[in-house]
Amino acid sequence: MPQLDECAWQSAVTVARRLVAALIPGAMAVLIAACQSTPALPAPPAVSGPPAIPDAQSAVDAPLFVGQSTFPAPLSPQVDLAPRLATTRVDGGNTGVVDGPAPLGRAPVTGSAAVAIQAPLLWGRRGDLTAGCQIELAPGLDKSCLAAVDASTLAVQARWLPPGQDLNLASAIVDDADRVIVTTRQRHVFVVSRPDSAGGQFRVVRDIDLNGHLGESQGLLASVVDASGNVWFTSGGVAPSGPDAGAGSGSASGSGSATDTVVGFVTSDDQVVTIALADQRVETAFAVDQRDVYVATAPAGSADKAGAHGMVYDLTATTGQIETVWRESYDAGGAAKPGATTRGTGAPVVLLGDQYLALTDNADGQSHLVIFLRGPLAGASPRGSGSTGPTSSTGPTSSTAPGSTAPGSTGPTSSTGPTSSTAPGSTNPAGTSTATTAHSS
């Protein structure tokens, strides 16, 4: 039998698949176009951009390419999550997975660029690239900033840093309108639009001041946006710094201790709603799909004792309150692992399709990957502690930076009083929702 070269073999496979598709109604075939000899790809055109990184591989006595070319083997596309976010873990479900073509090993071309950018690298829906950067404000004084980057040349087009603020770059995300949402150590959440043309600048759309809703020793860890446009936030992480440090009322979290957690959301009209999770700490990012927001907590404070468990929450925003859709416990182990900051999971919740979510626990000896259904089982009641006492929140809520278009407020807020709600079949939520409305002065 004569031997077929790669091109002839690929053509034969194509013909066979077309026959199968024609003879068997409904059969799905992946058609690969018949090929000719694959020419070497031309070198990419010279573009104006950062210089290339010196090639250290030329001094290595090894083949330039190891392996062999292959054919496409498409996988099923991942489940679409809403809203479509760009995060440090790819999307709002922290999946780390992106749909796209992979290298086939045919005439590969490599390139590099020496650029002054750093993590996170966030690609918006239009292919725009936003990254972290460093900016020198004075000799020996560098601060983190955001950079708008040309995705083709990796040249930095614009940089941004809010005055008097320190960005938490790890919290930065890009929403489905290609706006950047990022928290600061001074407990603000900024919503920023990217430059819309060459030579343009970042523009602040919203500057949400959460100092009146967090305790004195509570930092602002992370934020995310749900499909309704609510901006969610959670306390945690590094303690606040700057002129606003210690200015929090602490009313939204009882004692205001860093061993308690405040989770909340801000509506498009600047209503702030919070829930207090007593003796629990959050040290990881949210996961989000549609209107459901998922977060894991670790035992802290008086709950940090033998036999304590961590918790996983599914929360959703309703009118003026946070509803606990379900919650479940996981093994928090006997102590924090070496290098960990809390006794509990060190990873965020990961959404698996539209039915499951995954979490690593902190069990003694051997950690486990724990899989949960994204919803309560029929006849089962989520476990957890009871409700805490009522809380309230006062103080300024949000403001809009000069030149922005979104409405904001610099005046005092008024509390609508404690509210809470429990989903059918679940226990009382471990916390009390507090709704606060910001009024423009």
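Predicted, not measured: the structure shown is a model, and the values here were computed from it.

A few words now on the overall build of the chain. Looking only at helices and strands, one finds 1 helix and 23 strands in the chain. Per-residue burial for the chain yields a buried fraction of 43% across its 441 residues. For the chain, the share of sequence-separated contacts (at least 6 apart) that also reach a separation of at least 24 residues comes to 56%. On the chain, roughly 22,000 Å² of surface is accessible, and the fraction owed to carbon and sulfur atoms is 57%.

The strand order across the open sheet formed by 4 strands is β1-β2-β3-β4, and the pairing between neighbours is antiparallel. Edge positions in the sheet fall to β1 (118–123) and β4 (156–160), since each has one partner strand and no second. With strand direction ignored, the average angle separating the axes of adjacent strands in the sheet is 40 degrees. Bridge count between β1 and strand β2 (residues 129–138): 4 bridges; the pairing is antiparallel. Directly across from L122, in β2, lies its bridge partner T130.

As a further point, take the state of the cysteines. This model, assessed by the stated rule, comprises 1 disulfide. The partner cysteine of C133 in its disulfide is C145, sulfur to sulfur 1.9 Å. One end of the pair, C133, is in strand β2; the other, C145, is in strand β3 (residues 141–149), with 12 residues separating them in the sequence.

Right, let's talk about the environment of N230 for a bit. The topology assignment puts N230 in the loop between β9 (220–225) and β10 (231–235). Linking N230 and G264, residues 34 residues apart in sequence, is a C-alpha distance of 9.6 Å. Setting aside its immediate chain neighbours within four residues, N230 contacts V224, V225, F265, V266, T267 and A317.

Glancing now at the pattern of salt bridges. Under the criterion given, the structure shown has 10 salt bridges. The shortest N-O distance in the salt bridge between R179 and D175 comes to 3.0 Å. With relative accessibility at 32%, the residue R179 sits in the partly exposed group. Across the salt bridge formed by E283 and R281, the nearest N and O atoms sit 2.7 Å from each other. According to the relative accessible area criterion, E283 is partly exposed, its value standing at 23%. Among the residues examined, R281 registers a relative accessible area of 24% and is labelled partly exposed. A network of salt bridges, in which partner residues are shared, links R126, D128, D178 and R194.

Of all 6 residues that make up strand β11 (residues 261–266), 6 are buried, and the element is covered over most of its length. Here β11 shows a buried face lined by T261, V263 and F265 and a second buried face lined by V262, G264 and V266. One ladder, built from 4 bridges, connects β10 with β11; its direction is antiparallel. Across the sheet, T234 pairs through a bridge with V263, a residue of β11. Bridge count for β11 against strand β12 (residues 271–277) is 6 bridges, and the pairing is antiparallel. Note on β12: the bridge partner recorded for V263 is I275.

The rules we used
- Residues numbered from 1 in each chain as written.
- Predicted model: local features only at pLDDT ≥ 70, side-chain atom pairs only at ≥ 80, totals over all residues.
- Heavy atoms only, no water.
- Helix = DSSP H or I, 4+ residues; strand = E, 2+ residues; numbered from the N terminus.
- Buried < 20%, exposed > 50% of the residue type's maximum accessible area, 1.4 Å probe, protein only.
- Contact = heavy atoms within 4.5 Å.
- Areas by Shrake-Rupley, 256 points an atom, 1.4 Å probe, with all protein chains shown as cover.
- Pairing = 2+ DSSP bridges.
- Axes fitted to C-alpha atoms, helices over the stretch in contact; angles between N-to-C directions.
- Disulfide = S-S within 2.5 Å.
- Salt bridge = Lys/Arg side-chain N within 4 Å of Asp/Glu carboxyl O.

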